[in-house]
Amino acid sequence: MHVRNFSIIAHIDHGKSTLADRLLQFTKAVSERDARDQLLDTMDLERERGITIKASAVTIHHTWQGEDYQLNFIDTPGHVDFAYEVSRALTACEGAILVVDATQGVEAQTVANAYLAVENDLELIPVVNKIDLPTARPQEVAMEIEQVLGLPAEECLYCSAKTGEGVAELLDRICERLPPPAPPETDKTRALIFDSRYDDYRGVIVYCRVFDGALRVGDRIRMLGTGRHYTITELGRHTPTPTRVDELVHAEVGYLVASIRALEDVRVGDTITLDTDPADKPLPGYREPKQMVFCEFYPATTTGDSGRKGEFETLRDAIEKLRLNDASFVFDATHSEALGFGFRCGFLGLLHMEIIQQRLEREGGVEIVQTAPTVSYQIVLRDGSVKEIHNPADLPDPSTIESVREPLVKLEIICPTENIGDLMKLCDGRRGTYKGQRFISQTRQMLDFELPLAEIIYDFHDKLKSITRGYGTMDYEIIGYHADKLVKVDILVNEVAVEAMSLICHRQAAEKRSRAILQTLRKQIARHQFEIPLQAAIGGKIIARETIKAVRKNVTAKCYGGDVTRKRKLLEKQKKGKKRMKMVGSVSIPQEAFLAVLTTEQ
Amino acid sequence: MIPLAQLTTSDPRLQALSMTASDLPLAGGPGPRGLYVHVPFCVHKCHYCDFYSLVETGPDSRRPAFTDRLIEEIRAAAPRVPCPLQTIFVGGGTPTLLEPGLWARLLAAIRTHLPLAPGLEFTVEANPDSLEPELLDVLVRGGVNRLSIGAQSFNPRLLATLERRHDPANVRRAVGLARAAGITNVNLDLIFGIPGQDLDTWLADLDEAVSLEPLHLSCYSLMYEPNTPLTARMRSGAIRRVDEEVEAAMYEATIDRLHEAGFEHYEISSWARPGRACAHNLLYWRNESWWPLGPGAAGHVEGIRWKNVPRLGDYLRVGPLPPITDVEQLDEDGTVGEILMLGLRLTEGIGEAQLRTLLARGRRGPQRASAIEQQVAAGLLARRDGFLRFTRAGLLLADTVLAEVL
């Protein structure tokens, strides 16, 4: 029997999941009746957003030239936030189907994903999808693929996952063009973990690809990276319904259950070997997931103190439960002067953050207040040591700091030619360095920049979309840390520094950002009986100032007809408003002011 | 009697159908010292007013029916008024819109059914346009000895901004007629902070009012009440709110000007010639008891506050005591809060001995004591001659201060 292991890679919404479903149907893995749209995405959220968050592997069979082929389809997350997971999944394959929408053409993630595949030595089959649409322009898109990725236009397969046109040819092409798995390198068993998920009854389910040797039920296994031991209690394949097998042999893909209690005990990219006869060397490429984007989550309720505590616990439970399913985000309990108890969370990237937030609200049933995202900074101290922080409040004494480094990304933008000027300006304003420009088609270009991650985590994507009227796409990859003139700005309200409002930003942007923040604050903080100075300072030096004037008169006269109740209620309302406020020195600051500061546009 | 806890439903319609003042646990005490009567008719609704009033004219007016109903209510309330009334205040609306014949019947009913103290202060609110000698004669003969005239301003342009339809010249005329009829105890209501008004035009209004030699002046800063045309016009930008600094200056200038003119500033917005403070209003500020009559009237007896149903239709339909709504009996802390809120509005303030007693009541005493100290430290309250009272700066920020100590 022949084996082919492959992935489908595509930009969001280019039809990856529909094509996957269609492949299952064509190979009779799923009956017409059972075919739900996007069968492989098991989470509601994935279905709704049309993006695949967690990979799974499905085994199907196809007959080509009279011979049976076992096709193992490994689904990958579609976004570069999960670049590491994607690359591990791709490592488990020999080839990939590159899907491009016949109406949209090559997009930023098409390029990013294709590069990842090429880096992993995968054979690519370019497919132009959605050719049934009236606005489809398959030949042009094929030309774009050739232009950008160097895959000959004439080798592009035209198909419609929706109507099924071209799908049979695609299956044949997979058997024909994708290379068979390489022969084993060693006689010791080695299997690559490319995904895992948590099941309430069986514990962690590990998805793996066997590169050398074989795994059998009852085997005592060892994870080479973490050193943990387990005994295999179940092996199987998804066809797409789970089907138990006794063994997974060389080149096969499937799942493994071994009484593993927590997702964090299993690391994507780790190598499974036999405990009794272990391999010397792990499969290459394993690394720890690294959180680059941080923000804080607080329960959104503003009701009384007792209710608040309950909300916090609901949030904690939801976060802990979610963590069981996603070991790549981290969290720590935190307390904010303004927002009470909450969690500081770290994510692989922006999309990852958004997904976690939505899943918490949806699956955990909690409403969340989310602070603006920040990045992780490396602080190089004068003694040569490096400290990593992701909260301005954790910045050490400035006199001990040699330099501050921030994450740098390589950013690729694909956009209509007429928007290039505006996008150049946008990136320039965000401390971007122009790296190059490539021709995609008569009307579209690809721009390369390097810029700090901090400059794109907040509203960059929205700006890009608005400049290009929705036609621009972007993708980024973190390429390292670099030092810049980064400073901590303190915000002082009535001469008292408010730690929760401090921020790290570039020295040159400090005045402008400070002014924007102070102006926001001026609108948010009610006037008091005294004048309130608002100041922004860098190391004690004031760089911006606003003033909230004192209230001169607040007295109502009427108590006509002795309606005392109404008068009292008006005053109580004034007072109640104050309860939800945080006292900083003698100034009451509303919760909203803290949030407004954290989300003030840069 | 229904337990009070069950009475405090928040749906006025439901309450309106279910209970009257006879369901309240009021028996046994000394009863009310004052009476408030609400007359809900107006010729025209002024744009700043949010009180319950109806514009009803012509032959189909419900004024006679209202008067009948009010007299019926007086009869029914009489058993709840065991001690002689010290004050009566008829407000509105525009009480002077009731025809002299209706007034005569109303006054007779009051004198017949209710016990009245010898020194009774009996005030009627009057619109300068609807005060005629014939009516005044009826009022005086019926025992009315104080008039409160809604002057608001003498400036036609500012009156127009308020959609106040009286002729400013009629204020002088009304004061003259009142004196001629034997009523010397006259109050003038004035409003400052009207859009388009500056300090000088306000002081001109104030001087004009003083020149009429009233014994009492009420000077209110214009309030933008929700759901009034005035507030809507302000929001839409059609009129501009007077700057807060200017309003503050107007208030301070009022205090100085009336002091020079020999008036005593006895409450945040009330000034009187010595001995002429409004006894009825003092009931309010001293948290004493008064009985409400008429639709929408609010009362306070034995620590219970309530209101008659506001709609004339409901009021006319059910009797003899009308349905009531917004019933409220405060706990110790709530009561202390109200006493402080009301008492501090008087410029004499609250006596230290009474204050100590108040702060010993309820659970929030220590909290209140510290809030008071903070306001003293901020210079908004002061302790002087055995009283805690507002400073001048405090008067300007009275609501801020009161919200803190409530």
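Parameters at a glance
Residues numbered from 1 in each chain as written. Chains lettered and ligands numbered in written order. Predicted model: local features only at pLDDT ≥ 70, side-chain atom pairs only at ≥ 80, totals over all residues. Heavy atoms only, no water. Phe/Tyr/Trp six-rings, centres within 6.5 Å; stacked < 30°, edge-to-face > 60°. Helix = DSSP H or I, 4+ residues; strand = E, 2+ residues; numbered from the N terminus. Buried < 20%, exposed > 50% of the residue type's maximum accessible area, 1.4 Å probe, protein only. Polar contact = N/O pair within 3.5 Å; in protein donor to acceptor, adjacent residues only side chain to side chain. pLDDT = per-residue confidence, 0-100. Contact = heavy atoms within 4.5 Å. Pairing = 2+ DSSP bridges. Salt bridge = Lys/Arg side-chain N within 4 Å of Asp/Glu carboxyl O. Buried area = accessible area lost by both parts, 1.4 Å probe. Nonpolar A, V, L, I, M, F, W, Y, C, P; charged D, E, K, R; others polar. Axes fitted to C-alpha atoms, helices over the stretch in contact; angles between N-to-C directions. Core = buried A, V, L, I, M, F, W, Y, C linked by side-chain atoms within 4.5 Å. Parallel < 35°, antiparallel > 145°, perpendicular 65-115°, else oblique.

### Notes on the packing of aromatic side chains
All names here are of chain B.
Stage number 1. This structure, assessed with the given rule, holds 18 aromatic pairs over all chains.
Stage number 2. Taken together, a centroid distance of 5.2 Å and an interplanar angle of 45° make the contact between F192 and W202 tilted. Remark: W202 occurs in helix α8 (residues 199–211) and F192 occurs in strand β7 (residues 186–192); sequence separation between them is 10 residues.
Stage number 3. Assessed through its relative accessible area of 1%, F192 is described here as buried.
Stage number 4. What makes W202 buried here is its relative accessible area of 0%.

### A look at the side chain of H300 of chain B
Stage number 1. Counting through the fold element by element, H300 of chain B comes out in strand β12 (residues 298–301).
Stage number 2. Side-chain polar atoms of H300 of chain B contact the backbone oxygen of E288 of chain B, separated by 2.9 Å.

### Observations concerning the confidence of the model for chain A
Stage number 1. The share of residues in chain A with pLDDT of 70 or more is 91%, and the mean pLDDT across the chain is 85.
Stage number 2. Predicted confidence is poor over residues 302–308 of chain A, with pLDDT under 50, and the contacts of this stretch with residues over four places away or in other chains come to six contacts.

### Comments concerning the sheet that holds strand β15 (residues 350–351) of chain B
Residue and element names in this part refer to chain B.
Stage number 1. Judged by pairing direction, the sheet is antiparallel, and its three strands sit side by side in the order β15-β17-β16 without closing on themselves. Each edge of the sheet is formed by a strand with only one pairing partner; in this case those strands are β15 and β16 (381–384).
Stage number 2. The pairing of β16 with strand β17 (residues 387–390) spans four bridges and is classified as antiparallel. Bridge pairing in β17 places R383 opposite L388.

### Quick look at the pattern of salt bridges
All names here are of chain A.
Stage number 1. Taken as a whole and judged by the stated rule, the model has 67 salt bridges over all chains.
Stage number 2. The salt bridge involving D75 is made with K16; its shortest N-O contact spans 3.4 Å. Taken as a pair, D75 in the loop between β3 (67–74) and α3 (83–91) and K16 in helix α1 (residues 16–26) lie far apart in primary sequence, 59 residues in all.
Stage number 3. Taking relative accessible area as the criterion, K16 reaches 10% and is therefore assigned buried.
Stage number 4. Residues joined by salt bridges that share partners form a network here, namely E107, R137, E140, E144 and R444.

### As for the interface of chain B and chain A
Stage number 1. Taken residue by residue, the interface counts 43 residues in chain B and 27 residues in chain A.
Stage number 2. Carbon and sulfur atoms make up 54% of the area that chain B and chain A hide from each other, which totals about 3,500 Å².
Stage number 3. For the pair chain B and chain A, the number of links is eight salt bridges.
Stage number 4. The residue E225 of chain B makes a salt bridge to R566 of chain A at a minimum N-O spacing of 2.8 Å.
Stage number 5. Seen at the junction of chain B and chain A, the total is 16 residue pairs in polar contact (both at pLDDT 80 or more).
Stage number 6. Elements with a contribution of two residues or more to the side of chain B that touches chain A: β7, β8 (216–221), α10 (244–260), α11 (279–285), β13 (304–308), α13 (332–343), α16 (392–396) and α17 (398–405) of chain B.
Stage number 7. Of the residues forming the side of chain B that touches chain A, the biggest block, six residues, is contributed by α17 of chain B.
Stage number 8. The residue inventory of the side of chain B that touches chain A, partitioned by class, reads 24 nonpolar, four polar and 15 charged.

### Examining the sheet that holds strand β10 (residues 220–223) of chain A
Residues and elements named next belong to chain A.
Stage number 1. Spatial strand order, β11-β10-β16-β7-β8-β15-β12-β13: eight strands in an open sheet with antiparallel pairing. Because the sheet does not close on itself, it has two edges, and the strands there are β11 (229–231) and β13 (242–245). Strand-to-strand twist of the sheet, defined as the mean angle between neighbouring strand axes without regard to direction, takes the value 40°.
Stage number 2. Of the strand pairs in this sheet, strand β12 (residues 234–238) and β13 are connected by four bridges, and their pairing is antiparallel. Across the sheet, R237 pairs through a bridge with T243, a residue of β13.

### Digging into the environment of A393 of chain B
Residues and elements named next belong to chain B.
Stage number 1. By secondary structure assignment, the location of A393 is in helix α16.
Stage number 2. Taking the C-alpha atoms as reference points, A393 and A248, separated by 145 residues in sequence, lie 9.9 Å from one another.
Stage number 3. Aside from chain neighbours lying at most four places away, what touches A393 is G379 and L380.

### Brief notes about the nonpolar core
Stage number 1. Counting residues in hydrophobic clusters, the biggest one holds 122 residues, and the most contacted among them are W103, L147, L188, L217, W291 and W306 of chain B.
Stage number 2. Setting aside anything within four residues of it in sequence, one finds L217 of chain B in contact with N187, L188, L190, A209, V210, L258, F263, S269, S270 and W271 of chain B.
Stage number 3. If you look at the next biggest cluster of nonpolar residues, it comprises 48 residues, including V366, L411, L447 and I456 of chain A.

### Quick look at the packing of helix α3 (residues 63–77) of chain B against helix α4 (residues 100–113) of chain B
Residue and element names in this part refer to chain B.
Stage number 1. At a minimum axis separation of 10 Å, α3 and α4 run at an interaxial angle of 0°. It follows from the interaxial angle that α3 and α4 lie roughly parallel. Along the contact surface, α3 presents R63, P64, T67, D68, L70, I71, I74 and R75, while α4 presents L102, R105, L106, A109, I110 and H113.
Stage number 2. Considered class by class, the residues forming the contact of α3 with α4 number eight nonpolar, two polar and four charged.

### Notes on the pairing of strand β28 (residues 486–493) of chain A
Residues and elements named next belong to chain A.
Stage number 1. Counting buried residues in β28 gives eight out of eight residues, a clear majority hidden from the surface.
Stage number 2. Neither face of β28 is exposed, since L486, K488, D490 and L492 on one face and V487, V489, I491 and V493 on the opposite face are all buried.
Stage number 3. As judged from the four bridges shared by β28 and strand β30 (residues 503–506), these two strands associate in the antiparallel manner. Bridge pairing in β30 links L486 to H506.
Stage number 4. Pairing between β28 and strand β31 (residues 532–538): four bridges, direction antiparallel. Bridge pairing links V493 to L534 in β31.
Stage number 5. Here β28 pairs with strand β29 (residues 496–497) via two bridges, running antiparallel. Paired with L492 across the bridge in β29 is A497.
Stage number 6. What sits between β28 and β29 in their antiparallel hairpin is a turn of two residues, with N494 showing a positive phi close to 50°.

### Side note on the pairing of strand β26 (residues 444–452) of chain A
All names here are of chain A.
Stage number 1. Within β26, eight of the nine residues are buried, which leaves it mostly tucked inside the rest of the structure.
Stage number 2. Taken together, the nine bridges between strand β24 (residues 401–416) and β26 define a ladder with antiparallel strand orientation. Along β26, the bridge assignment pairs P416 with R444.
Stage number 3. Pairing of strand β25 (residues 433–439) with β26 involves six bridges; the strand directions are antiparallel. Note that in β26 the partner of G436 across the bridge is D448.

### Here we look at unusual backbone geometry
Stage number 1. The residue after G92 of chain B, namely G93 of chain B, is reached through a cis peptide bond having omega 20°.
Stage number 2. The residue G93 of chain B is located in the loop between β4 (85–92) and α4 in this model.
Stage number 3. Between G319 of chain B and P320 of chain B the backbone carries a cis peptide bond, its omega angle lying at 0°.
Stage number 4. Its place among the elements puts P320 of chain B in the loop between α12 (312–317) and β14 (324–329).
Stage number 5. One non-glycine residue with positive phi stands out, namely D13 of chain A, at about 70°.
Stage number 6. Note on placement: D13 of chain A falls in the loop between β1 (2–10) and α1.
Stage number 7. The phi dihedral of N227 of chain B falls on the positive side, at around 60°, and the residue is not glycine.
Stage number 8. As for its position among the elements, N227 of chain B is in the loop between β8 and α9 (229–236).

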